[in-house]
Amino acid sequence: MALILPPSFADRMRTLLYNEFEAFSNTLLQQKSATAVRLNPNKPIQQGIFETAQPVPWYALGRLLENRPVFAADPLWHCGAYYVQEPSSMFVAEAVKQCCNLEKPATALDMCAAPGGKTTLLAATLHPESLLIANEVIKTRIPALLENVQKWGAANIWVTNNDPEDFKHFGNFFDLVLTDAPCSGEGLFRKNPEAVNEWSEQTVQLCSARQRRILAHAAGLVKPGGILLYSTCTFAPEENEQNVAWISDNADFTPLRLQIQPQWGITETISKTDKGQTVYGYRFYPHKTPGEGFFIACLRKKSVVPSAENNVLPASGKKTLHQPFSPVGKHEVAMLGKWLTNPTEFNFFTKNQTDVFAVPAAHAHLLPAFAARLIVKSAGIEMGTIKGKDFIPAPALALSNTVPPPVPKLQLTPEQATAYLKKENFELPYPPGLMGWALVVYQHLPLGWVKIMPGRWNNYYPLEWRQRK
Ligand code: SAM
């Protein structure tokens, strides 16, 4: 579908951009979208199709591609070796670098996380012992978030499925809260021309009101001295600078100024709040930066007076709503430990009595309190399922980058890897006499599990991952 800009949108953009409007609209109407990927620092690859790609100016592990390959046909994409992401979104990492102390583990919340682009970016940026909560309110968006988090392989991410309001009992627990808010999506019109049909000035106002509600909850969760990052993929000032000004005045935040290099082409906006604070916003326009439209602002919570509530979850006065996680027994700990190379770094929990999760020991004491207040879909590495005396390893365990299990590994060719991912029949290359669970790997990166039995083997790649591609 050809892109036709709604006249009132064009008028609004003309007001924002003055004499740059022609360049902006020509870019949107005549130039194709940029394609970019972000390499996983924990799953290094021979760069192959990315070798000649230019780096994303503000993110060293980002790569700008000339063309859009069929990512789903590349086994490395299924291994979690890279994530396909808007280059502008990768600027979140630069903002975090400039505002947060990355030398220390942090408590971080990605409030609007699905499908997980910024969650996995945060995981690659924050101190590896940080606790990162990836929350998504819409239940149907949880499977994609889980899949992307599991493929990325970080052990320190917990996925929750809650409304921002449900976090209200957490006090100011977090060092960093990212609110990548649902928005009117003006910045994505070129990529998704049909989105213009849903756009109206009224949509902008509705989105702005919804963003304020989300922001108000997010702001309350930030520690004094902690950071609130706010981003959208729209150009509307009502959804961007005006919301940043509103939350700064109403929740006691100071907007921060970032260092941007002139060659990056990022547009800094400087405005004032009602109370006279200076607001700094960072806009990504497609005629000046590679990628689609994006906005980000960074705010620091005022008052560095230590709060008694910092890092301590308040006790829940009410009867708990959920509590599906419980520590596993000693016998199971011994059995599960055999599946990890570094078992002492984890505590093990079962969810619904059968599904086992390995949670980094540093965060394990927090899990009961989280599970009592929130719908925790996964915590740490989903290891698998205990069935009587048997243990069935989960796909997430295969893909986890911190704990490659000490089991046999079978190297696949590109053709074999494709057949494995499609769950088609192929000749599995295993040595005579090998029995039981094995990992299939592609270019040394695990793809998933197989189980070898006398005369046959079973493919344990999840059906739902295969079908969606
Ligand atoms: N951060 C994601 C990423 O980088 O992959 C993209 C997030 S998208 C811009 C906004 C998210 O907010 C969507 O996943 C959407 O489901 C969620 N959302 C929608 N309505 C919401 C609400 N009322 N409160 C919180 N989140 C909401």
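See above for the structure.
Here we summarise the structure given alongside this text. Remember, predicted model here, so these are calculated numbers, not experimental data.

Side note on the sheet that holds strand β14 (residues 325–327)
On the basis of which strands lie adjacent, the open sheet formed by five strands has the order β14-β15-β16-β18-β19 and antiparallel pairing. Since the sheet does not close on itself, it has two edges, and those belong to β14 and β19 (390–393), each with one partner. Averaged over all pairs of adjacent strands, the angle between their axes in this sheet comes to 35°, without regard to strand direction. Pairing geometry for β14 and strand β15 (residues 346–351), over three bridges, is antiparallel. From the neighbouring strand, F325 faces β15, where its bridge partner is K351.

Re the pairing of strand β16 (residues 355–360)
Counting buried residues in β16 gives five out of six residues, a clear majority hidden from the surface. In this structure, the hairpin formed by β15 and β16 is closed by a connection of three residues, where N352 is found at a positive phi of approximately 55°. Two strands pair when backbone bridges link them, and β16 and strand β18 (residues 381–387) are joined in this way by four bridges, in the antiparallel orientation. Residue pairing in the sheet places F357 in a bridge with E382 of β18.

Overview of the site of the ligand
Residues in contact with the ligand amount to 17 residues; listed here are only the nearest, C112, G117, E136, R141 and D180. The contact in question runs from an oxygen atom of the ligand to an N or O atom on the backbone of P115, over 3.4 Å. A distance of 2.6 Å separates an oxygen atom of the ligand from a polar side-chain atom of E136. Compared with its free state, where it exposes 600 Å², the ligand has 85% of that area covered by protein. The residue makeup of the shell around the ligand, split by class, is 10 nonpolar, two polar and five charged.

A look at the environment of A438
In this fold, A438 is placed in strand β21 (residues 436–442). As for A438 and W58, which are separated by 380 residues in sequence, their C-alpha atoms are 40 Å apart. Excluding its chain neighbours within four sequence positions, the residues that come into contact with A438 are P408, L410, G448, W449, V450 and I452.

Thoughts on helix α13 (residues 414–422)
Residues of α13 that are buried include every one of Q416, A417, A419, Y420 and L421, and no others. Remark: K423 follows α13 within two positions and exhibits a positive phi of approximately 60°.

Comments concerning unusual backbone geometry
Here the bond from A114 into P115 is cis, since omega is 5°, no more than 30 degrees from zero. Of note, P115 is situated in the loop between β5 (107–110) and α5 (117–125). A positive phi angle, near 45°, is found at Y18, a position not held by glycine. The topology assignment puts Y18 in the loop between α1 (7–17) and α2 (21–30). Positioned with a positive phi, Q443 is a non-glycine residue whose angle comes to about 45°. Inspection of the secondary structure assignment puts Q443 in the loop between β21 and β22 (445–453).

A word on the sheet that holds β22
Spatially, β20-β21-β22-β23 is the arrangement adopted by the four strands of the open sheet, whose pairing is mixed. If you trace the sheet from one side to the other, it starts and ends with β20 (409–411) and β23 (456–459), each paired once. Each neighbouring strand pair of the sheet contributes to a mean axis angle of 35°, computed without reference to strand direction. Bridging between β22 and β23 involves four bridges; their strand directions are antiparallel. Opposite K451, over in β23, you have N458 as the bridge partner.

What about the nonpolar core?
Counting residues in hydrophobic clusters, the biggest one holds 45 residues, and the most contacted among them are W58, L176 and L229. The element that contributes the greatest number of residues to this core is helix α4 (residues 91–99), accounting for six residues. In contact with L176, other than residues within four places in its own chain, are V96, C100, T107, A108, L109, L122, L126, I227 and L229. Residues L131, F174, A219 and A245 belong to the second largest nonpolar core, which totals 40 residues.

Describing the packing of aromatic side chains
A full pass over the atoms with the stated rule returns 28 aromatic pairs. Taking 5.3 Å as the distance between ring centres and 75° as the angle between the ring planes, the aromatic pair formed by W58 and F284 counts as edge-to-face. Separated by 226 residues along the polypeptide, W58 in the loop between β2 (54–56) and β3 (59–65) and F284 in strand β12 (residues 278–284) bring together distant segments of the chain. Residue W58 is classed as buried on the basis of its relative accessible area, which comes to 3%. Measuring from centroid to centroid gives 5.9 Å for F173 and F370, while their planes differ by 65°, and the two rings are edge-to-face.

Some words on the pairing of strand β6 (residues 131–135)
Within a regular beta strand, the side chains point alternately toward one face of the sheet and then the other, so they alternate between its two faces. Of all five residues making up β6, five are buried, and the element is well covered by its neighbours. Of the two faces of β6, the one lined by L131, I133 and N135 and the one lined by L132 and A134 are each fully buried. Pairing geometry for β5 and β6, over four bridges, is parallel. Paired with A108 across the strands is L132, a residue of β6. Assessed by its sense of winding, the connection that carries the chain from β5 through α5 to β6 is right-handed. Where β6 meets strand β7 (residues 157–160), four bridges bridge the pair, whose relative direction is parallel. Residue pairing for β7: N135 is matched across the bridge by T160.

Things to note about the environment of E464
Secondary-structure assignment places E464 in helix α14 (residues 463–468). E464 sits 427 residues away from V37 along the chain, and the two C-alpha atoms are 23 Å apart.

Some remarks on the pattern of salt bridges
Under the criterion given, the structure shown has 14 salt bridges. K151 serves as the salt-bridge partner of E147, at 2.8 Å between the closest nitrogen and oxygen. Here K151 and E147 lie together in helix α6 (residues 142–152), a separation of four residues that amounts to about one turn. Here E147 falls in the buried class, since its relative accessible area comes to 3%. A relative accessible area of 5% means that K151 is categorised as buried. The salt bridge partner of D163 is R213, with a shortest N-O separation of 2.9 Å. You can see D163 sitting in the loop between β7 and β8 (174–180) and its partner R213 sitting in helix α7 (residues 201–220), a full 50 residues away along the chain.

Conventions adopted
Residues numbered from 1 in each chain as written. Predicted model: local features only at pLDDT ≥ 70, side-chain atom pairs only at ≥ 80, totals over all residues. Heavy atoms only, no water. Pairing = 2+ DSSP bridges. Helix = DSSP H or I, 4+ residues; strand = E, 2+ residues; numbered from the N terminus. Axes fitted to C-alpha atoms, helices over the stretch in contact; angles between N-to-C directions. Buried < 20%, exposed > 50% of the residue type's maximum accessible area, 1.4 Å probe, protein only. Near = heavy atom within 4 Å. Polar contact = N/O pair within 3.5 Å; in protein donor to acceptor, adjacent residues only side chain to side chain. Areas by Shrake-Rupley, 256 points an atom, 1.4 Å probe, with all protein chains shown as cover. Nonpolar A, V, L, I, M, F, W, Y, C, P; charged D, E, K, R; others polar. Contact = heavy atoms within 4.5 Å. Core = buried A, V, L, I, M, F, W, Y, C linked by side-chain atoms within 4.5 Å. Phe/Tyr/Trp six-rings, centres within 6.5 Å; stacked < 30°, edge-to-face > 60°. Right-handed = clockwise from strand over helix to strand, strands pointing away. Salt bridge = Lys/Arg side-chain N within 4 Å of Asp/Glu carboxyl O.

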